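Structural overview for review
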Amino acid sequence: MGKKILTVDDSASMRRMVLFTLGSAGYEVVQTCDGVEALEWAQKSAVDLVLTDVHMPRMDGITLVRELRALTHYKFVPMLILTTESSVEKKMDGKRAGATGWLVKPFNPPQLLATVARVI
Amino acid sequence: MSTAISASGADKSATETSAQYLTFMLAGEEYGVDILRVQEIKGWDKVTRIPHTPDYVLGVINLRGAVVPILDLRRRFGLEAIDFGPTTVVIVMRVGSGRDERTVGVVVDAVSEVYNVEAADTKPPPDVCGSIDTVFVKALATLEEKMLILLDIDRLIANSITDEPVPGVAAA
Amino acid sequence: MTLDLEMAEIAKVFFQESREGLDVMESGLLTLGAGADAESINTIFRAAHSIKGGSATFGFAEVAGFTHGVETLLDEMRNGVRPVTAEAIQILLQSCDCLREMIAATEAELPLDQGRIASLNSDIAHILGERPQAAPAPVAPAAAPPAAPPDATAEAGGTPSSGAQGWLITFEPVADLLRLRNEPTRMFTELARLGAVVARADTSRVPLLDALDPESCYLSWNLEVSGPISRAKIEEIFDWVESQWRAEPMSVEKSSAVAQPHLGPAPEARPVSAERGPAPAAPTAQKAADSGSIRVATEKLDNIINLVGELLITQSMLCGFADGIDPNELDRLRQGLSQLARNTRELQESVMQIRMLPISFAFNRFPRIVHDLSRKLNKKVELKLTGENTELDKTVLEKISDPLVHLVRNALDHGLETPDRRSASGKHETGSIELGAFHEGGNIIIEVRDDGAGLNKAKILQKARERGLVAPDQDLTDEQIDNLIFMPGFSTADQVSDVSGRGVGMDVVRRNINDLGGHVQISSKEGQGSTIRIRLPLTLAILDGQLVRVGKEIYIISLLAIVETIQVSKDRLNTLVGRTEVFRLRDEYLPVVRLCDQFGVEPDSRRAEDGLLVVIEADGKRAGVLVDDLLAQQQVVIKSLESNFKPVVAIAGATILGDGTVALIIDVPDLIRSVRKLGSGAVTAHAA
């Protein structure tokens with residue numbers, strides 16, 4: 001498909017699962033471990049979708065979305081946050097920060113692909 | 001001198017019902033071991049003895065940096081021991097599997113051939129069979145009018161080297 | 001790789017990650033005092049959150065369920081809703097233990113300890129103020145579809161409400177809709193899959209071109225979708241634009257009418273750029289302490305070490321060749337060889353470095369152990385760790401861990417006094433235990449220091465005399481008396497506490513340390529405390545050895561174990577009871593081991609005065625080893641024999657010499673043990 005996705009998650013197992021799922025579906029996946037790393041990388045590169053966890057050290061996912069929206073080349077990039085079903089405020093915080101939507105944890109590979117397909 | 005063995009070389013390659021064996025002579029009998037286990041064939045060289053091991057454990061050698069034990073099959077089978085000389089041969093094999101995998105060398109009188117043995121030509125050993133323990137014999141094969149004794153080399157080595165109480169040496 | 005296989009592989013990563021996360025939680029909880037700062041609690045929370053998410057994702061529902069309660073408690077704490085109490089911390093620590101077990105059991109596919117889980121669950125629930133539930137808080141496993149948004153609408157749920165002919169949807173998006181990429185066309189297309197859709201756009205708010213912000217959305221829509229559709233399905237499509245839409249069930253009468261669009265107050269345009277979060281933490285140079293490191297499988301390392309060993313041997317071989325060569329070439333060859341030697345040495349050092357790990361890996365257990373033990377014994381302790389970054393070989397590290405635990409527990413149990421006794425003797429109520437490590441020479445020194453009661457020398461000496469370990473008239477220095485506690489079966493504890501008085505004891509600790517090629521001793525001042533000093537070699541795989549020859553065989557003795565080598569004079573060699581030979585060395589009698597008899601080799605000569613006596617020492621004990629000749633000293637790479645043989649008496653391993661032959665390495669402690677128990681000469685049985 002040729003589309004590029006930036007993923008941000010401090011959990012190695014989640015990163016791997018996302019990489020495998022999206023990679024097998026033909027997406028190009030760039031992985032980072034936290035918001036700071038992702039933001040640094042994003043300064044110089046563009047993607048077709050950002051997928052970020054919320055709870056991470058140094059910079060959380062909501063802040064990351066907000067910071068990315070401030071970059072010109074990320075103004076219109078779809079962004080999804082990974083949130084747990086019980087966390088309503090995170091979803092709202094995410095929307096306010098500029099996220100397109102969210103994906104509820106836990107999710108399985110088909111759900112991930114379906115949700116990504118909605119926005120990419 | 002050392003020759004590596006590749007798995008081809010016999011008349012036909014192994015199929016579903018057959019397997020390839022490297023055969024060797026030991027006190028007039030011809031024995032076979034699974035060719036896939038054979039790593040190389042060496043001439044006899046100096047060994048370093050290990051104290052308090054059974055007499056058929058001759059010691060260890062340096063095989064390209066690895067310390068490999070050498071067993072004397074004649075002594076192991078209780079046969080008359082002979083002197084080693086320039087024609088003495090050591091077959092180096094990889095036996096066991098997984099964590100128990102080990103490399104071992106066995107001294108034999110001479111190496112014969114690589115044969116393809118059809119399962120149909122083999123039968124299980126009878127309860128009493130000559131001078132060796134039939135536990136180590138997988139099967140007897142008839143090939144061109146001669147009898148090959150096919151050895152269960154994994155079992156033979158496992159039994160010979162570790163854990164089995166060894167007569168003549170008190171338990172540690 | 002199929003999905004299942006890959007998920008199984010990733011689950012392994014998850015297990016490892018969880019273990020690390022639990023370590024983070026534990027050490028975080030231990031440092032959490034009353035004045036806990038938000039960031040510390042946050043770190044602990046994140047670790048729990050990660051474990052919960054991962055376990056649910058990979059299908060470990062019970063782990064997820066249990067972690068949910070832990071996470072909830074931590075969430076309340078970090079939000080300030082719930083105070084951080086010692087009781088809560090204790091329960092959380094126990095939960096960490098429980099989770100560790102659960103993870104281990106899950107990984108090994110063994111059953112979980114349901115009783116413990118239930119008990120902790122009810123403790124957690126109790127704190128959270130809820131009534132304890134029979135089942136852990138449910139967490140939907142990953143297979144379930146994403147939950148419907150907890151909207152206040154009455155018809156949330158899977159059943160179609162009345163008016164199941166369809167829905168009238170009013171969609172009034174915010175201006176940001178398009179910017180945030182919530183595409184209306186996509187949503188409508190998804191809607192169209194549910195039923196026939198009639199859509200009418202309301203363009204009334206679209207401004208004139210010069211006032212138009214191309215990035216904003218000024219449209220709203222009325223949509224009719226017909227068919228037996230549940231509200232939940234509509235909610236799914238519009239889930240990301242909650243509060244921007246509403247729907248009424250459509251009845252037959254209304255189906256053709258178009259409801260007037262509800263023109264409420266214009267939704268505020270909320271340009272995202274106006275909101276700015278706090279400045280991001282400074283990126284770049286200050287990377288986290290352990291980024292820039294990778295994991296290496298131990299087998300790979302061992303392989304590299306083997307290769308380095310072979311390199312050493314090759315180099316050694318080449319040096320041997322140098323002798324028979326044309327003198328003109330000799331110089332260049334020598335230069336080349338010395339360069340090779342240098343390169344090899346450097347390579348060897350950097351490779352050995354890879355196996356080195358900081359001792360913090362061993363020290364890290366102690367805050368928890370000390371915390372739990374001090375509570376159990378009702379003693380106040382402060383634990384200090386120094387030199388955690390001191391590095392040592394991975395295997396030495398692994399093997400020293402348990403002995404250290406024993407020593408620390410001992411110090412806490414027998415060394416430190418109760419707070420009352422301490423106050424009574426003018427000490428601070430809180431005792432201190434210090435664990436420190438540093439490098440000295442080619443070794444690592446580990447010290448366990450306590451400021452407790454110290455050793456009761458009189459009692460120890462008496463006990464030793466009672467046991468016949470010390471002759472009644474024998475005079476010992478203070479230090480010698482202190483170190484009597486390392487003798488087997490020695491425990492002067494008045495009550496054998498289940499913590500450390502079991503007599504498993506100090507002698508086992510010393511033996512373990514000796515087996516590592518190390519040395520331990522204690523020094524103590526009554527009333528003030530004790531210091532235990534452990535000396536360990538930095539690495540196990542390479543040994544500085546002395547080559548000795550007996551007949552045609554060559555053996556290696558570790559240089560560290562050799563005290564001296566002397567010529568034997570017949571008048572100093574005596575035979576006791578016809579069997580044991582002893583040699584008088586100045587003021588002590590050394591049992592003598594004839595290697596020819598020990599290993600069954602033919603020596604050059606059986607006359608002791610023709611050979612040499614190598615005095616070896618281990619475990620505080622000495623012996624003399626009779627050999628034919630001393631050869632070179634060299635560094636040898638130890639090759640294990642274990643994979644091939646069951647342990648051989650007095651042989652520690654093998655090595656390959658420069659000429660390619662295999663030489664056996666003598667296990668000095670083992671050799672001394674065997675000879676001091678049974679007499680020298682042929683070893684008939686080795687009592688383990």
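Preceding this section is the structure that the text describes.
The sections below set out a description of the structure shown in this document. (Residues numbered from 1 in each chain as written. Chains lettered and ligands numbered in written order. Predicted model: local features only at pLDDT ≥ 70, side-chain atom pairs only at ≥ 80, totals over all residues.)

Each helix and strand in chain C was counted, giving 18 helices and 22 strands. Residues counted as buried form 34% of the 688 residues belonging to chain C. Taking all contacts inside chain C whose residues are at least 6 apart in sequence as the whole, residues at least 24 apart take part in 70%. (Helix = DSSP H or I, 4+ residues; strand = E, 2+ residues; numbered from the N terminus. Buried ≥ 20, exposed ≤ 12 C-beta atoms within 10 Å, placed from the backbone. Contact = placed C-beta atoms within 7 Å.)

Another point: the sheet that holds strand β8 (residues 431-440) of chain C. Residue and element names in this part refer to chain C. An order of β6-β8-β9-β11-β10 is seen for the 5 strands of this open sheet, with the pairing classed as mixed. Of all strands in the sheet, those bounded by a partner on one side alone are β6 (381-386) and β10 (519-525). On average, adjacent strands in this sheet sit at an angle of 15 degrees to one another, irrespective of strand direction. Inspection of the sheet shows strand β9 (residues 443-450) paired to strand β11 (residues 529-537) by 8 bridges, in the antiparallel sense. Bridge pairing in β11 places N443 opposite P537. (Pairing = 2+ DSSP bridges. Axes fitted to C-alpha atoms, helices over the stretch in contact; angles between N-to-C directions.)

Quick look at the nonpolar core now. Formed by 93 residues in total, the largest nonpolar core has its most connected members in Y555 and I666 of chain C. Broken down by element, this core gets its largest block of residues, 6 residues, from strand β7 (residues 89-95) of chain B. Both of domain 3 (298-358) and domain 5 (542-678) of chain C provide at least three residues apiece to this core. Residues in contact with Y555 of chain C, not counting those within four places in the same chain, are V548, V550, L595, A663, L664 and I666 of chain C. The next biggest cluster of nonpolar side chains, apart from the first, holds 74 residues, and it includes V65 and M79 of chain A together with F15 and L32 of chain C. (Core = buried A, V, L, I, M, F, W, Y, C linked by C-beta atoms within 7 Å. Domains from an automatic or database assignment.)

Residue and element names in this part refer to chain C. Read from one edge of the open sheet, 6 strands run β14-β18-β19-β17-β16-β15, paired in mixed fashion. The sheet is open, and its two edges are formed by β14 (562-567) and β15 (573-576), each paired on a single side. Recorded for the sheet is a direction-independent mean angle of 35 degrees between the axes of neighbouring strands. Bridge count between β15 and strand β16 (residues 580-585): 4 bridges; the pairing is antiparallel.

Bringing the pairing of β9 of chain C into the picture now. All names here are of chain C. Residue alternation in β9 divides its side chains into a buried set, I444, I446, V448 and D450, and an unburied set, N443, I445, E447 and R449. One ladder, built from 8 bridges, connects β8 with β9; its direction is antiparallel. From the neighbouring strand, E434 faces β9, where its bridge partner is R449.

A separate point is the environment of V198 of chain C. All names here are of chain C. In this fold, V198 is placed in strand β2 (residues 196-202). According to the C-beta neighbour criterion, V198 is partly exposed, with 14 such atoms within 10 Å. Sequence separation of V198 and E224 is 26 residues, and the distance between their C-alpha atoms is 5.1 Å.

Below, the discussion takes up unusual backbone geometry. Across the junction of K105 of chain A and P106 of chain A, the peptide omega takes the value -5 degrees, indicating a cis bond. The topology assignment puts P106 of chain A in the loop between β5 (101-105) and α5 (109-119). Phi angles above zero are rare outside glycine, and H52 of chain B is one such case at about 60 degrees. Tracing the backbone shows H52 of chain B in the loop between β4 (38-43) and β5 (57-63). Phi at E145 of chain B is positive, roughly 70 degrees, even though this residue is not glycine. Structurally, the position occupied by E145 of chain B is in the loop between β11 (137-143) and β12 (146-151).

Here we come to the environment of A663 of chain C. Relative to the helices and strands, A663 of chain C is located in strand β22 (residues 662-666). Owing to 22 C-beta atoms within 10 Å, A663 of chain C belongs among the buried residues under this scheme. Along the backbone, A663 of chain C and L547 of chain C are 116 residues apart, and their C-alpha atoms lie at a distance of 8.9 Å. Excluding residues within four positions of it along the chain, A663 of chain C makes contact with T48 of chain B together with I554, Y555, I556, A654, T655 and L657 of chain C.

For helix α4 (residues 88-97) of chain A, every residue scored as buried is listed here: K90, K91, D93, G94, K95 and A97 of chain A. For α4 of chain A, the elements touching its buried residues are α3 (61-69), β4 (79-84) and β5 of chain A.

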